[in-house]
Amino acid sequence: MATMNAPAPRPFSALLHAQRVWDTELPTFDPSTAPPAPVPLFHAWFADAVAAGQPEPHAMTLATADADGLPDVRTLLLHGADERGFHFASHATSAKGHQLAARPYAALGFYWPSLGRQVRVRGPVTRCTPAESHTDLHARSTGALAAALTGTQSGVVESVAALHRAADAAWERAQAEPDAEAPTWTRYVVEPAEMEFFQGDARRRHIRLRYRRTEAGTGGSAWTRELLWP
């Protein structure tokens, strides 16, 4: 019995150039209505992303630099955004933890394609207290605790089977000991020195609004707002 040949896969370049962006109607953004400080605008844009059904709107990229000053980047979840800054967590013994210990400065990136929006954050990073880090971990799911208890983050694992054994043991411990300690688990805060809000436009008339922190006397700070060319 003859069989039909499967169609040949399309070359990568053809697949790449066939992709389209922003085929749906995008919101408008009037930068003159933006608040004096950036975090309230971030809260509003985040709520818009949730309302638009954007999957995982709290996912963000975190960029750090290694011991040679070379960039490193990964995706993780936002744990909070308040007057202190943007919060995330990881093991202090992970690659990002070592990089932040040596060079405590980072950049964050959020992308919400359903709205054609991006937010960029740059600034110094500080470690939260052990009590805050403990609370952060135990406010999350059993799976998050199990993940924190599995192996040494960023370390080499000898096989997938070893990973599964360690993960299964960590799940059992997390379920039996919901208050189990993960001593290296650390909550970090990026204090924004600069933030940019990008609203995409199908005709490429993108709006880019940048906030830069400036000194404001008596030890305080204020924000300067600037429009950038796309």
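One can find the structure itself at the top, above this paragraph.
Residues numbered from 1 in each chain as written. Predicted model: local features only at pLDDT ≥ 70, side-chain atom pairs only at ≥ 80, totals over all residues. Heavy atoms only, no water.

Enquirer: Looking at this structure, how should I read helix α2 (residues 38-51)?
Expert: The periodicity of an α-helix, 3.6 residues per turn, causes residues three or four places apart in sequence to face the same way. With 14 residues, α2 should reach 20 Å at 1.5 Å per residue; the first-to-last C-alpha distance of 20 Å fits that figure. All of the buried residues in α2 are Pro38, Val39, Leu41, Phe42, Trp45 and Ala49. Projected down its long axis, α2 carries its buried residues within an arc of 150°, all on one side. Trailing α2 by a residue or two, Gly53 shows a phi angle of about 80°, which is positive. (Helix = DSSP H or I, 4+ residues; strand = E, 2+ residues; numbered from the N terminus. Expected span 1.5 Å × (residues − 1). Buried < 20%, exposed > 50% of the residue type's maximum accessible area, 1.4 Å probe, protein only. Arc of directions from axis to C-beta.)

Enquirer: I keep staring at the layout of surface pockets and nothing clicks. Help me out?
Expert: Taking a probe equal in size to a water molecule and rolling it over the atoms shows the remaining empty space. Empty space within the largest pocket amounts to approximately 270 Å³. Ala89, Ser90, Lys96, Gln153 and Trp185 are, among the 18 residues lining the largest pocket, the residues nearest its centre. Counting only elements with at least two residues in the lining of the largest pocket, the list comes to β2 (71-77), β4 (85-91) and α5 (142-148). In terms of residue count, the dominant contributor to the lining of the largest pocket is β2 (four residues). (1 Å grid on protein atoms, 1.4 Å probe; cavity = no way out; pocket = protein on both sides within 12 Å on 5 of 7 lines; lining within 4 Å. Points joined across faces, edges and corners; volume = space filled by probe spheres on them.)

Enquirer: Sorry, what's going on with helix α4 (residues 130-138) here?
Expert: Residues of α4 that are buried: Ser133, Asp136 and Leu137. The arc that holds every buried residue of α4, seen down its axis, measures 95°, which confines them to one face. Exposed positions of α4 whose direction lies more than 90 degrees from the buried face are Ala131 and Thr135. Buried-residue contacts for α4 involve β4, α5 and β7 (185-190). (Contact = heavy atoms within 4.5 Å.)

Enquirer: Explanation requested: the environment of Phe198 in the structure shown.
Expert: Within the fold, Phe198 resides in strand β8 (residues 194-199). Classification of Phe198 by relative accessible area gives buried; the value is 12%. Between the alpha carbons of Phe198 and Val160 there is a distance of 41 Å; along the sequence they are 38 residues apart.

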